[in-house]
Amino acid sequence: MTEPLILVLDEGTTSTRAMLFTAQGKLQGAAQEQLAQHYPRTGWVEHDAREIWDKTLACARAMVAQAGGAERIAAIGITNQRETVVAWDKARGEPLCRAVVWQDRRTAEFCAELRAAGHEEAVQEKTGLLLDPYFSGTKMRWLLGNDDAVAEAAREGRLALGTVDSWLVWKLTRGRSFITDASNASRTQLLALEGASWDPALCDLLGVPISALPAVVDNAGPLAATHPDLFGAPIPITGMAGDQQAATIGQGCLAPGETKATFGTGAFVLANKGAAIPRSANRLLGTVLHQLGGRRHYALEGSVFVAGSLFQWLRDSLQMIVSAPESEELARSVPDSAGVVVIPALSGLGAPHWRADARAAITGLSFAATRAHVVRAALEAISHQTQDLAAAFAADGAEWTTLRIDGGMSSNDWLAQDLAGLLQVSVVRPDFVETTALGAAMLAALGAGLYGSLAEAAAAMIGSGERFEPGMDDAVRQRRLAGWQAALAKL
Ligand code: ADP
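First, a word on scope: everything that follows refers to the structure included in this document. Keep in mind the model is a prediction, meaning the values are calculated, not measured. (Residues numbered from 1 in each chain as written. Predicted model: local features only at pLDDT ≥ 70, side-chain atom pairs only at ≥ 80, totals over all residues. Heavy atoms only, no water.)

1. A short note on the pairing of strand β3 (residues 27–34)
Put simply, the rule reads: Being paired, for any two strands, means DSSP has found at least two bridges between them. A run of H or I in DSSP becomes a helix once it reaches four residues, and a run of E becomes a strand once it reaches two; helices and strands are each numbered from the N terminus.
Where strand β2 (residues 15–22) meets β3, seven bridges bridge the pair, whose relative direction is antiparallel. Bridge assignment links A18 to a residue of β3, and that residue is A31. Counting the residues between successive antiparallel strands, the hairpin from β2 to β3 contains four residues, one of them, G25, with a positive phi of roughly 80 degrees.

What follows is the structure, encoded as structure tokens:
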């Protein structure tokens, strides 16, 4: 018998990819195409949903051919950029306008109006999310109020509004399935964390008709099947999840307290909360991690704006390093930062400080300070920002038991060790860093019945990774924490 293969469709913000995995989580092949970014006005970001579909289909077909035909593929798993809204015509199966991307800020004014009218607390209580243009609901309302084709389709009952997962399944099934998974649905601000389906009061508040929304389904199971004409034979779609949730699963954070941090341009942190609904008093987000057999697990989420981009800035704007990896060598060349503290608030401070007005600072400079000390302090700042998040998570009842790291910056060994020391948790870095795609593959394998549980899928599909254990001298740690707090207080 030939081994079953899993096809993952990974819909990123800047590219679309198709990847082929074995049931043991080994990558067999990948195809990738870049996506055009459209910036029609300041603060607006759009994608062409037709392009997303065309490129997904081309990448998927390349992988089906590599596999030796659709019959060789046991399951499809989908993971996607979250919150981005596609509006399409159910009758023609074509987009009605450009997709509004998660980064788009066009609904900032409407969000401010809702806040001023006193809705934020109730919305946060129900959805776990703050009133911010980031989420899909206000983007949907904007399209209904400002795009004639969308408004007309709504009047005539032809309108479909969905996130990218939903759009792809519609196209993959030629309109037979109109679904979204619970993790994506939980980013729309139209789903209550406890509610099985769309919340009528939230839909009313944001002016989104429930009739235009897809059915909310599990993250794994016999969710849909591709139209036979697309790949020569139908392929079951058995796993779906938003990218950060998929990465959390792909990192094996399956028990409460297990946390993953993705260190790329910024840092995205999700902590597993189990079946407990997350409530934050620290402006962290509560979100659905996964829904299996109708039962939900939740995560608490927080992000910091600046992580790897600090090293791009040190390289390109200050010319203090020649490459981001050089930071590691420089940090190792000195015993400490000589009292230098870097606060990387280059675009304000995100969670848990939420100081949009704050600007970056380098403090504690003396004649003893060299480029190596400043660069070391910059790396230390990444650990401190993460520690501040850890404290906020703990205050919200989500203490981190382990920290699994990924993203481009996670290749920095010095940082991984510093995180373990400062946070006093074990830090684990997987051998295979494509954790988002691996998480989608795990869900698809589970949904296709290749494994009986996510834990079984994790045991078979996730490698052991490299561990960094805490070992920082306590006096040093206390001095570091105090120095960071003192520098923050000066902002
Ligand atoms: P994104 O997915 O957000 O584009 P990546 O996960 O590809 O980001 O990570 C790239 C970022 O990580 C860049 O900002 C880069 O400066 C930073 N980076 C990469 N390697 C290192 C390193 N060894 N040390 C510090 N920063 C690094």
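2. Here's the deal with helix α3 (residues 120–127)
Applicable threshold: Working definition: with a 1.4 Å probe on protein chains only, accessible area under 20% of the residue-type maximum means buried, over 50% means exposed, and in between means partly exposed. By arc we mean the arc of the directions from the helix axis to the C-beta atoms, nothing more.
Among all positions in α3, only E120, V123, Q124 and T127 are buried. Buried residues in α3, looked at end-on, bunch into an arc of 95 degrees, giving them a common side. Positive backbone phi, at 80 degrees, marks G128, one or two positions downstream of α3.

3. As for the nonpolar core
Nonpolar side chains in soluble globular proteins tend to end up buried together. The condition is simple: To define a nonpolar core, start from buried Ala, Val, Leu, Ile, Met, Phe, Trp, Tyr and Cys residues and group those joined through side-chain atoms within 4.5 Å. In this analysis, two residues are considered to be in contact whenever any of their non-hydrogen atoms come within 4.5 Å of each other.
Judged by nonpolar contacts, the single largest core of 57 residues is most densely connected at F263, F311, F393 and W400. For this core, the element with the most residues is helix α13 (residues 371–395), which contributes 12 residues. Those residues within four positions of F393 in sequence are excluded, and the remaining contacts are V269, A271, L284, L300, E301, G302, A398, E399 and W400. Formed by 41 residues, the second largest nonpolar core is a distinct cluster that contains L5, C59, V169 and I179.

4. Concerning the packing of helix α1 (residues 49–67) against helix α6 (residues 164–172)
The cut-off we apply is this: Every angle, taken between N-to-C directions, lies between 0 and 180 degrees, and every axis is a line fitted to C-alpha atoms, over only the stretch in contact when it is a helix. Roughly parallel means an angle under 35 degrees; roughly antiparallel, over 145; roughly perpendicular, 65 to 115; everything else is oblique. Each crossing gets its hand from how the near helix is turned against the far one by less than a right angle, where anticlockwise is left-handed and clockwise is right-handed.
Put simply, α1 and α6 touch, their axes get as near as 11 Å, and they point 60 degrees apart. Taken together, the axes of α1 and α6 lie oblique to each other. For the pair α1 and α6, the sense of crossing is right-handed. On the side of α1, the interface is formed by A49, R50, I52, W53 and T56, while α6 contributes V164, W167, L168, K171 and L172.

5. Things to note about the packing of aromatic side chains
Short version of the rule: When the centres of two rings from Phe, Tyr and Trp lie within 6.5 Å, Trp using its six-membered ring, the rings pair. Their planes under 30 degrees apart give stacked, over 60 give edge-to-face, and anything left gives tilted. Think of it as a cone above the ring: NZ of Lys or CZ of Arg counts as a charge over the ring if it is within 6 Å of the ring centre and within 35 degrees of the ring normal.
Evaluation of the coordinates by the stated rule reveals nine aromatic pairs. With a centroid separation of 5.2 Å and an interplanar angle of 80 degrees, the aromatic rings of W44 and W142 are classed as edge-to-face. A residue pair is termed long-range when its members are at least 10 positions apart, and W44 in the loop between β3 and β4 (46–47) and W142 in helix α4 (residues 136–146) qualify at 98 residues. Judged by relative accessible area, which is 15%, W44 ranks as buried. Exposure remark for W142: the relative accessible area of 21% places this residue in the partly exposed category. A ring pair is formed by F393 and W400, whose centres lie 5.3 Å apart and whose planes are at 75 degrees; its orientation type is edge-to-face. Take W400: its relative accessible area is 7%, and that puts it in the buried class. An aromatic cluster of at least three residues, connected via ring pairs, comprises W88, W167, W170 and F178. Positioned above the aromatic ring of W44, the side-chain terminus of R106 is 3.7 Å from the ring centre. Over the ring of F110 we find R141; its NZ or CZ atom is 3.8 Å from the centre of that ring.

6. Points about the site of the ligand
For clarity, the threshold we go by: By convention in this text, a residue qualifies as near a molecule or strand provided that one of its non-hydrogen atoms is within 4 Å of it. Within 3.5 Å is the distance limit for a polar contact, defined as a pair of N or O atoms, with the added protein rule that one can donate a hydrogen and the other accept it, and that residues adjacent in sequence qualify only through two side-chain atoms. We call Asp, Glu, Lys and Arg charged. Ala, Val, Leu, Ile, Met, Phe, Trp, Tyr, Cys and Pro are nonpolar, and the rest, Gly among them, are polar.
Taken together, 13 residues sit near the ligand, with T265, G308, Q312, G408 and N412 positioned nearest. Taking Q312, its side chain carries an N or O atom lying 2.8 Å from an oxygen atom of the ligand. Here the shell around the ligand takes three residues from helix α11 (residues 308–316), the largest share from any one element. Across the shell around the ligand, the residue classes tally to three nonpolar, 10 polar and no charged.

7. A word on the pattern of salt bridges
The cut-off we apply is this: Each reported salt bridge corresponds to a side-chain nitrogen of Lys or Arg within 4 Å of a carboxyl oxygen of Asp or Glu.
On inspection of all chains with the given rule, the structure shows 34 salt bridges. Note that D89 is salt-bridged to R92, the shortest N-O span being 3.3 Å. Taking the relative accessible area as the measure of exposure, R92 reaches 54% and is therefore exposed. With a shortest N-O distance of 3.6 Å, D229 and R174 are connected by a salt bridge. Here D229 is found in helix α9 (residues 228–231), whereas its partner R174 is found in the loop between α6 and β10 (179–181), with 55 residues between them in sequence. Using a relative accessible area of 47% as the deciding quantity, one classes R174 as partly exposed.

8. Some words on the sheet that holds strand β12 (residues 220–225)
To summarise the sheet geometry, strands pair through backbone hydrogen bonds and adopt either a parallel or an antiparallel arrangement. One open sheet accounts for six strands, arranged β3-β2-β1-β5-β13-β12; its pairing is mixed. Of all the strands in the sheet, just β3 and β12 have a single pairing partner and so form its edges. Between one strand axis and the next, the sheet turns through 25 degrees on average, direction left out of account. One ladder, built from seven bridges, connects strand β1 (residues 5–11) with strand β5 (residues 73–80); its direction is parallel. Within β5, the residue paired with I6 across the bridge is A75. With respect to the sheet, α6 is in contact with β1, β5, β12 and β13 (236–242), its orientation differing from that of β5 by roughly 145 degrees.

These figures capture arrangement, not role.
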